[in-house]
Amino acid sequence: MSGETITHDAAARRYSLVIDGTEAYLTYERPAKDRMHITHTIVPDKIGGRGLGKRLVTRAMEDAIAAGDKVSSSCWYATALIEKKPEWAAQQA
């Protein structure tokens, strides 16, 4: 599972991962230069149950932390993960 590559399209504000021809993705907005707002984490049922959503949120959070960005989320899944990890919760806007 770790062999699949998550791609980040900054212009589209989207992280994505394709498994067996099906895409899982995370979308976000940039309300300010130093802020990321996660809007959706989508994993189709066909490829669900493999931890892909968690991998997408992890990658987005790693990038946000590396950039020094504050993070907010209107995605219930991403919010739940962020609140479980103290180092991620500390990044919340």
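Residues numbered from 1 in each chain as written. Predicted model: local features only at pLDDT ≥ 70, side-chain atom pairs only at ≥ 80, totals over all residues. Heavy atoms only, no water.

Asks: Is there a simple way to explain the overall build of the protein chain in this structure?
Replies: Each helix and strand in the protein chain was counted, giving three helices and five strands. Starting at the N terminus and ending at the C terminus, the protein chain contains elements arranged as β-β-β-β-α-β-α-α. For 93 residues, the compact-globule estimate of 2.2 N^0.38 gives 12 Å, and the C-alpha radius of gyration of the protein chain, at 13 Å, lies within 12% of that figure. Along the longest, intermediate and shortest principal axes, the C-alpha atoms of the protein chain span 35 × 30 × 20 Å. By residue count, 35% of the 93 residues in the protein chain fall in the buried class. Across the protein chain, contacts joining residues at least 24 apart in sequence account for 43% of those joining residues at least 6 apart. (Helix = DSSP H or I, 4+ residues; strand = E, 2+ residues; numbered from the N terminus. Rg over C-alpha atoms; globule rule 2.2 N^0.38 Å. Buried < 20%, exposed > 50% of the residue type's maximum accessible area, 1.4 Å probe, protein only. Contact = heavy atoms within 4.5 Å.)

Asks: How do you make sense of the pattern of salt bridges when you look at a structure like this?
Replies: Close approach of charged atoms allows side chains of opposite charge to pair. What the rule picks out here adds up to six salt bridges. A salt bridge links E4 to R55; its shortest N-O distance comes to 3.7 Å. Taken together, the positions of E4 in the segment before β1 (7-9) and R55 in helix α1 (residues 52-67) put the pair 51 residues apart, joining distant regions of the chain. Overall, E4 belongs to the partly exposed group, its relative accessible area being 26%. Between K85 and E87 there is a salt bridge, with the nearest N and O atoms lying 3.6 Å from each other. By relative accessible area, which is 43% here, E87 ends up partly exposed. (Salt bridge = Lys/Arg side-chain N within 4 Å of Asp/Glu carboxyl O.)

Asks: Got a minute to help me understand the packing of α1 against helix α2 (residues 76-84) in this structure?
Replies: Any two packed helices are characterised by how steeply their axes cross, that is the angle between the axes, and by the distance between the axes. α2 packs onto α1 with a crossing angle of 65 degrees between their chain directions and a minimal axis gap of 10 Å. Classified by the angle between their axes, α1 and α2 sit roughly perpendicular to one another. For the pair α1 and α2, the sense of crossing is right-handed. Touching G53, K54, V57 and M61 of α1 are Y77, A78, L81 and I82, all from α2. In the contact of α1 with α2, the residues fall into six nonpolar, one polar and one charged. (Axes fitted to C-alpha atoms, helices over the stretch in contact; angles between N-to-C directions. Parallel < 35°, antiparallel > 145°, perpendicular 65-115°, else oblique. Left-handed = near helix turned anticlockwise from the far one by under 90°. Nonpolar A, V, L, I, M, F, W, Y, C, P; charged D, E, K, R; others polar.)

Asks: What am I meant to see in the nonpolar core here?
Replies: Soluble globular proteins: nonpolar side chains tend toward being buried together. Grouped together as the largest cluster of nonpolar side chains are 22 residues, with contacts concentrated most on Y15, L26, M36, I38, L56, V57 and V71. Contributions of two or more residues to this core are made by β2 (14-19), β3 (22-32), β4 (35-42), α1 and α2. The greatest single-element share of this core, amounting to six residues, is contributed by α1. Setting aside chain neighbours within four positions, we find V71 in contact with M36, I38, M61, A64, I82, Q91, Q92 and A93. (Core = buried A, V, L, I, M, F, W, Y, C linked by side-chain atoms within 4.5 Å.)

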